[in-house]
Amino acid sequence: MQKNEVVSVSGIDIGPKIGIEGEKQFKDAIKAVNSQIKTTATELKVLAAESGKSEDATRNLSQRQKVLGESLDANKAKVKTLTAQYERQKSELDKLGTALETARRENGEGSDQAIKAENAYSKQARAVNDLESQINTARAQVATISGELETNAVKLEEARSHAIKYGDAMQAAGDKL
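About the thresholds
- Residues numbered from 1 in each chain as written.
- Predicted model: local features only at pLDDT ≥ 70, side-chain atom pairs only at ≥ 80, totals over all residues.
- Heavy atoms only, no water.
- Helix = DSSP H or I, 4+ residues; strand = E, 2+ residues; numbered from the N terminus.
- Buried < 20%, exposed > 50% of the residue type's maximum accessible area, 1.4 Å probe, protein only.
- Contact = heavy atoms within 4.5 Å.
- Areas by Shrake-Rupley, 256 points an atom, 1.4 Å probe, with all protein chains shown as cover.
- Salt bridge = Lys/Arg side-chain N within 4 Å of Asp/Glu carboxyl O.
- Axes fitted to C-alpha atoms, helices over the stretch in contact; angles between N-to-C directions.
- Parallel < 35°, antiparallel > 145°, perpendicular 65-115°, else oblique.
- Left-handed = near helix turned anticlockwise from the far one by under 90°.
- Core = buried A, V, L, I, M, F, W, Y, C linked by side-chain atoms within 4.5 Å.
- Expected span 1.5 Å × (residues − 1).

Engineer: Help me understand the overall build of the protein chain, please; the structure alone is not making it clear to me.
Structural biologist: For the protein chain, the helix and strand inventory stands at three helices and two strands. Reading the helices (α) and strands (β) of the protein chain from amino to carboxyl end gives β-β-α-α-α. Across the 177 residues in the protein chain, those meeting the buried criterion constitute 32%. Contacts in the protein chain between residues at least 24 apart in sequence constitute 75% of all its contacts with a sequence separation of at least 6. Put simply, the protein chain shows about 11,300 Å² of open surface, and 51% of that area lies on carbon and sulfur atoms.

Engineer: What's the story with the pattern of salt bridges in this structure? I'm lost.
Structural biologist: Oppositely charged side chains are able to pair whenever their charged atoms sit close together. This model, assessed by the stated rule, comprises six salt bridges. Between K66 and E70 there is a salt bridge whose closest N-O contact spans 3.0 Å. Placement of both K66 and E70 in helix α2 (residues 57-107) is noted, with a separation of four residues, approximately one turn of the helix. Exposure remark for E70: the relative accessible area of 26% places this residue in the partly exposed category. Linking R104 and E109 is a salt bridge whose minimum nitrogen-to-oxygen distance equals 3.2 Å. The exposure class of R104 is partly exposed, given its relative accessible area of 29%. Here E109 falls in the exposed class, since its relative accessible area comes to 54%. Put simply, R104, E109 and E118 are held in one network by salt bridges that share partners.

Engineer: Hey, could you run me through the packing of helix α1 (residues 23-51) against α2 in this one?
Structural biologist: Between two packed helices, the angle of one axis relative to the other and the distance separating the axes together describe the packing. α2 packs onto α1 with a crossing angle of 160 degrees between their chain directions and a minimal axis gap of 9 Å. Relative to α2, α1 is oriented roughly antiparallel. Relative to α2, α1 is oriented so that their crossing is left-handed.

Engineer: Help me out: how do you make sense of the nonpolar core in this one?
Structural biologist: Generally speaking, a soluble globular protein has its nonpolar side chains buried in company with each other. Ranked by size, the top nonpolar core spans 19 residues in total, and within it F26, L68, L72, L82, Y86 and L131 carry the most contacts. Every element with two or more residues in this core is listed here: α1, α2 and α3 (112-176). Among the elements that line this core, the one with the most residues is α3, at eight residues.

Engineer: Would you mind showing me how to read α2 here?
Structural biologist: Structural remark: α-helix, 3.6 residues per turn; residues separated by three or four positions point the same way. The terminal C-alpha atoms of α2 lie 72 Å apart, and with 51 residues this matches the ideal 75 Å at 1.5 Å per residue to within 8%. Remark: G108 follows α2 within two positions and exhibits a positive phi of approximately 100 degrees.

What follows is the structure in structure tokens.
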């Protein structure tokens, strides 16, 4: 995207801001994280489909635990990436807020400069609010996956315990013969 006309008030650009520094890196990072999240979601679906067919519940639960861990890591990375971008965008919003106040004070409330500054501020505020919403959604996903990991860990421990008991029972039966 290109930068449109920019008006400067006291050295701060208040025209439409299109693209904050690091925007491309942010988008690339989010794209990579989202790709990893989709991959782990697909792997979990495959494991769920195979769980009824698998004769080795422990192996299936172990694989699920591994994939859930990968999914949790990817979602935590997403929260971290979104939070860093939120901080950058929030900083830009603060600068635009200062520029808006300056434009109003120096040029008047309804001046072209004040209107442009207000539009830039409003656009940036929407971007900040959108990022905040994405962060909240990603945090909720982290909480959900953490719960699934805990539940799966309990099931895995139960399956291992049953396997050990079964093995011990088989050993005892073999010893009697």
